Amino acid sequence: MDIVIYHNPACGTSRNALELIRHVGIEPHVVEYLKTPPSRAMVAWLAERTGKPLRDLLREKGTPFAELSLGAPDLTDDQLLDAIEAHPVLLNRPIVVSPLGVGLCRPSEAVLDLLPADDLKPFAKEDGEVVIDAAGQRVKR
């Protein structure tokens, strides 16, 4: 299965999603989007494929979101894309692309919806939170 993850290694949620992908036996194509930002066309495509508005892919915390007044409801997608293009940190993460769909994987275990669910083995996040229990079942919170 071909998987792409738009990843920030400084982000715990992104690291956990990446480890979950690897945990099921898939080595994804990792795009460190702060080093290699996706094109505006790719960002628009990612948003479209998630089935959610582009605005839902924006990150507020630790970004220039407030300074750029990106919460203004009258901003167009082109204006939001301009902002993401100028400040890639505005793109929330991790975004995962798989044959099963595209999703912003927050929380990180949301990545399991985009991966094969066969024969899962136990998994806990960096902080010890159990995501897949000893019986191979996804733990719902």
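Counting from 1, residues in each chain are numbered in the order their sequence is written. Where totals are concerned, whole chains, interfaces and linings use all residues; where local detail is concerned, this predicted model gives features only for residues with pLDDT of at least 70, and gives and counts side-chain atom pairs only at 80 or more. Think of the side-chain values as coming from all heavy atoms in the structure, minus any hydrogens and water.

## What to know about the sheet that holds strand β3 (residues 95-98)
Okay, step 1: If DSSP finds at least two bridges between two strands, the strands pair. Numbering of helices and strands runs from the N terminus; a helix is a DSSP stretch of H or I covering at least four residues, while a strand is a stretch of E covering at least two. The mixed open sheet is built from 4 strands, whose spatial order is β2-β1-β3-β4. Across the chains shown, the open sheet's two edge strands, defined by having one partner strand only, are β2 (29-32) and β4 (101-104). With direction set aside, neighbouring strand axes in the sheet form an average angle of 15 degrees.
Okay, step 2: In the sheet, strand β1 (residues 4-7) pairs with β2 via 4 bridges, with the strands oriented parallel. Across the sheet, the residue bridging to Tyr6 is Val31, located in β2.
Okay, step 3: Contact definition: two residues touch when any of their heavy atoms are within 4.5 Å. Inter-axis angles, ranging from 0 to 180 degrees, are taken between N-to-C directions of lines fitted to C-alpha atoms, where helices are fitted over the stretch in contact. Contacting β1, β2 and β3, helix α1 (residues 12-23) crosses the sheet at an angle of about 160 degrees to β1.
Okay, step 4: The sheet contacts of helix α2 (residues 40-50) involve β1, β3 and β4, and relative to β4 the element is tilted by about 100 degrees.

## Digging into unusual backbone geometry
Okay, step 1: Look at the link from Arg93 to Pro94: it is a cis peptide, with omega at -5 degrees.
Okay, step 2: On the secondary structure map, Pro94 appears in the loop between α3 (77-86) and β3.
Okay, step 3: Cis peptide bonds are those with omega within 30 degrees of zero, and the linkage from Arg106 to Pro107 qualifies with 0 degrees.
Okay, step 4: Among the structural elements, Pro107 can be located in the loop between β4 and β5 (123-124).
Okay, step 5: Of note, the phi angle at Ser69 is positive, near 55 degrees, even though the residue is not glycine.
Okay, step 6: Here Ser69 lies in the loop between α2 and α3.
Okay, step 7: Residues other than glycine seldom take positive phi values, yet Asp119 does so here, at roughly 50 degrees.
Okay, step 8: Positionally, Asp119 belongs in the loop between β4 and β5.

Without other data, these values stay purely geometric and don't point to any function.
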